[in-house]
Amino acid sequence: YGGLANKPWISCLGNHDYGGWMFNHGWPQQIGYSFVNKNWILPGRYYSKVMYHDGFTVEYFIIDSNAWDAKDGDIDPEHNICSRKHNHAGANCAAAGGPSSILTCKSWFWSTYGVQKTWLKTKLATSRADWQVVVTHFPCEADAGYWRMLHQ
């Protein structure tokens, strides 16, 4: 990676970090890697990180927006992290703080997304950084009304 090898990589979970069509493949390991590699910044599903630059600061707010890929188990199996087709019947991430089953998958993603939105609004209001940047996996158009409200 050349000159990028010693730079921090501020990371955001995407649907493929959960397993693409599944919700239980690899995301806790990516978070855990933050604790053994100082340049891999992903200490949780959502978090903020202040970066200091010459003359200004930037606070990054990373949000897990994968709720937009969390649907009922039988809907759109090729674009559904909670799909019955691709998750095995006993899929469970409760030990890592994730969904306990395919049946709870969609509600888990959506309820935690709601928690993150409340957290973000509070954090933005109290940020002292010169710049604030929100990082998500899914584009802003997925929740356009919310992002528009934050901008105002």
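Refer to the preceding data block for the structure.
Residues numbered from 1 in each chain as written. Predicted model: local features only at pLDDT ≥ 70, side-chain atom pairs only at ≥ 80, totals over all residues. Heavy atoms only, no water.

Participant: Which parts of the structure should I look at to understand the nonpolar core?
Facilitator: In a soluble, globular protein the nonpolar side chains are often hidden away together inside. In this structure, Y18, F23, I81 and F109 are the most contacted members of the largest nonpolar core, which totals 26 residues. Elements that contribute at least two residues to this core include exactly helix 2 (27-33), strand 4 (56-62), helix 3 (102-126) and helix 4 (144-151). It is helix 3 that contributes the most residues to this core, 6 residues altogether. The contacts of I81, once residues within four sequence positions are left out, are N15, Y18, G20, W21, M22, F23, D69, A70, N87, C105 and F109. (Core = buried A, V, L, I, M, F, W, Y, C linked by side-chain atoms within 4.5 Å. Buried < 20%, exposed > 50% of the residue type's maximum accessible area, 1.4 Å probe, protein only. Helix = DSSP H or I, 4+ residues; strand = E, 2+ residues; numbered from the N terminus. Contact = heavy atoms within 4.5 Å.)

Participant: Explanation requested: the packing of aromatic side chains in the structure shown.
Facilitator: Any two aromatic rings considered together are summarised by their centre-to-centre distance and by the angle between their planes. Applying the stated criterion across every chain yields a total of 11 aromatic pairs. Consider the rings of W68 and Y113, whose centres lie 6.4 Å apart with planes at 80°: the pair is edge-to-face. One end of the pair, W68, is in the loop between strand 4 and helix 3; the other, Y113, is in helix 3, with 45 residues separating them in the sequence. For W68, a relative accessible area of 30% corresponds to the partly exposed category. Positioned above the aromatic ring of Y146 is the side chain of K117, whose terminal nitrogen or guanidinium carbon lies 4.6 Å from the ring centre. (Phe/Tyr/Trp six-rings, centres within 6.5 Å; stacked < 30°, edge-to-face > 60°. Lys NZ or Arg CZ within 6 Å of the ring centre and 35° of its normal.)

Participant: Would you explain the side chain of N66 in this entry?
Facilitator: One can find N66 in the loop between strand 4 and helix 3. Apart from the residues within four sequence positions on either side, N66 is in contact with L13, G14, N15, Y18, F109, H137 and F138.

Take it as geometry only, folks, not as evidence of what the structure does.
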